Amino acid sequence: MNINNNMGALVLAAGKGTRMHSSLPKVLHTILGVPMLSLVINALKPIFPQHVRLVLGHQSDLVRETIKDNDCGIILQAEQLGTGHALRTAWPDLKAAGLEYVLVVNGDTPLLKTERLTWFIKHCLQAEADLAFMTLTLDDPASFGRVLRVKGKVAAVLEAKDYDAVLHGPEPKEINAGIYFLRMQSVEYLLDKLTRANKSNEYYITDLIALGAESGLNVIGLDQGRDDTLLGVNTPHELSRSEELLRSEIVTGWMQKGALIRNPYATRISPAAVLEPGCEICGPCEIYGASRIASGVVMESHIWANNVRIDSGTRVRAFSHLEDAHIGPNCTVGPFARLRPGSEMAENAHVGNFVEMKKTRLGVGSKANHLTYLGDAEIGAGVNIGAGTITCNYDGKHKHQTRIESGAFIGSNASLVAPVSIGENALVGAGSVITKDVPPESLAIAREKQKNLPRRPA
Ligand code: UD1
Ligand code: CA
């Protein structure tokens, strides 16, 4: 749909989220590793590339910092006096942008989909709505705003706290999803009519509905039936419900595209990750960030990966922990390997159990199979790193580089004190502490010579 510049989106995200019982603002709580607010923005951006505005308040600096790459307009609601107050605070900015319509969404509705929003907007425009909102029909209306209808027409939304069966009749099962379409010119004069005369002592955006209906505006509630992807998240329990929903949807989606996921119920994949058809995930397994798993990769169980690229033919064995790393084709990693940020493995390289790498490149066919730390190192092709090798990269103040040229062989339990380089085809004797560069094709032994003495009688 072609939405002109006369429509914008406003995300209400200033609240504290008291019911999360956490010091983190609610909208920064993550779902599969992505802050809820970013998920909402991602759903809106394809429709409103220029016009997504956020109302921020509680810990606004932290929220702003977290979503700084999203290029959204920010409006500050210094005191959070309710969703109606949030809208009122943003109004001058929306007007200054020359918008005719605005889509308002709660920032705690993380599973919103672009397609659904597009459908909603289209429907509202066609129906020439002045004010429209999405509703859901639930068995239990819980803490959501209840939709009151008279002869099928929306009359009001009553917040759970303010609902009184004696006054308002049998409890409706239709609730407000917190996604609104406003024709600004129609609604503007109602904003001043919002009051705090309710149990929460807040200005409610939802009061616009009764005000609009009373004034004869075209107010529409579009019932989406039972659709849990439109539920707001207020509590940790609701967060894990929404997270589970998205998790299952993502895993099912990749299986349908040809990934073999053997333990789908225990596999968690970020919405930004990509699995090529023909990869195999044995699970339990967590794949976060913008990870990319190529065809022919096998991930065994209990693997945690964030922002990793794993190329074709590589096998990651169980209990490996991988972050901001690139693993080339036909490599073997783990079991129990740890690749920290900046780790790179070229084709056919091997990293085995209890090996940690950080800001290190391991060349083609090179191997570090056991109990090793490789930090700030550049390692050529065909290198063998013996068990227990440590690059001593930190002198207490600064980090230093280690270079190991192609064909070198590092004996077991060697300490390479950086900055240091080991030349091509050089051999370092087991147990050596190497503090000086080793020339190519040479043998370096840096340890006390062995003495065999007669044993004292016991
Ligand atoms: C709101 C609706 C309710 C609806 C539900 C759907 C109101 C009064 N009620 O209730 O009818 O069923 O969403 O999920 O709107 N916020 C601000 N500034 C504020 C207060 C809140 O920006 O001063 C933001 C919050 O950060 C949040 C959103 O508005 O993202 C909704 O606020 P919340 O307190 O979660 O409203 P609910 O009680 O869930
Ligand atoms: Ca909410």
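These numbers were taken from a predicted model, which means no experiment stands behind them.

Reading the values: rules and limits
- Residues numbered from 1 in each chain as written.
- Chains lettered and ligands numbered in written order.
- Predicted model: local features only at pLDDT ≥ 70, side-chain atom pairs only at ≥ 80, totals over all residues.
- Heavy atoms only, no water.
- Near = heavy atom within 4 Å.
- Polar contact = N/O pair within 3.5 Å; in protein donor to acceptor, adjacent residues only side chain to side chain.
- Areas by Shrake-Rupley, 256 points an atom, 1.4 Å probe, with all protein chains shown as cover.
- Phe/Tyr/Trp six-rings, centres within 6.5 Å; stacked < 30°, edge-to-face > 60°.
- Lys NZ or Arg CZ within 6 Å of the ring centre and 35° of its normal.
- Donors = N, O, S within 2.8 Å, 3.2 Å for Na, K, Ca; no water.
- Helix = DSSP H or I, 4+ residues; strand = E, 2+ residues; numbered from the N terminus.
- Buried < 20%, exposed > 50% of the residue type's maximum accessible area, 1.4 Å probe, protein only.
- Arc of directions from axis to C-beta.
- Contact = heavy atoms within 4.5 Å.
- Expected span 1.5 Å × (residues − 1).

**Q** Teacher, can you tell me more about the site of ligand 1 here?
**A** Of all residues adjacent to ligand 1, which total 25 residues, the nearest are Leu 12, Gln 77, Thr 83, Glu 159 and Asn 176. Leu 81 is positioned such that a nitrogen or oxygen atom in its backbone is 3.4 Å from an oxygen atom of ligand 1. Between ligand 1 and Gly 145, the relevant distance is 2.8 Å, taken from an oxygen atom to a main-chain nitrogen or oxygen of the residue. Alone, ligand 1 offers 760 Å² of accessible surface; in the complex the protein occludes 90% of this.

**Q** Teacher, can you tell me more about the packing of aromatic side chains here?
**A** For any pair of aromatic rings, geometry is given as the distance between the ring centres together with the angle between the planes. For the structure on display, the rule yields four aromatic pairs. In this structure, Lys 257 is placed above the aromatic ring of Trp 254, and the distance from its NZ or CZ to the ring centre is 5.1 Å.

**Q** Would you mind going over the coordination of the calcium ion (ligand 2) with me for this structure?
**A** Around a metal, the ideal angle is 109.5 degrees if four donors adopt a tetrahedral arrangement and 90 or 180 degrees if six donors adopt an octahedral arrangement. Around the calcium ion (ligand 2), the protein contributes the donor atoms Asp 108 (OD) and Asn 234 (OD1), at 2.2 to 2.3 Å from the metal centre. Here the residue Asp 108 occupies a position in the loop between β6 (101–106) and α4 (114–126), and Asn 234 occupies one in the loop between β11 (219–223) and α8 (236–256), the gap between them amounting to 126 residues. Judged by its relative accessible area of 8%, Asn 234 falls in the buried class.

**Q** Please clarify how helix α6 (residues 184–191) should be interpreted in this entry.
**A** Residue pairs three or four apart in sequence face the same way in an α-helix, which turns once every 3.6 residues. Among the residues making up α6, those that are buried are Met 184, Ser 186, Val 187, Leu 190 and Leu 191. Angularly, the buried residues of α6 cover 150° about the axis, an arc narrow enough to put them on a single face. For α6, the secondary structure elements touched by its buried residues are α3 (83–96), β6, β7 (131–137), β10 (174–183) and α7 (207–214).

**Q** What is the right way to read α4 from this model?
**A** With 13 residues, α4 extends 18 Å from end C-alpha to end C-alpha; this agrees with the ideal 18 Å at 1.5 Å per step. Residues Thr 114, Leu 117, Thr 118, Phe 120, Ile 121 and Cys 124 constitute the buried set of α4. Projection of α4 onto a plane perpendicular to its axis shows the buried side chains occupying an angular sector of 160°, all on one side. In α4, those exposed residues whose orientation departs by more than 90 degrees from the buried face are Glu 115 and Gln 126.

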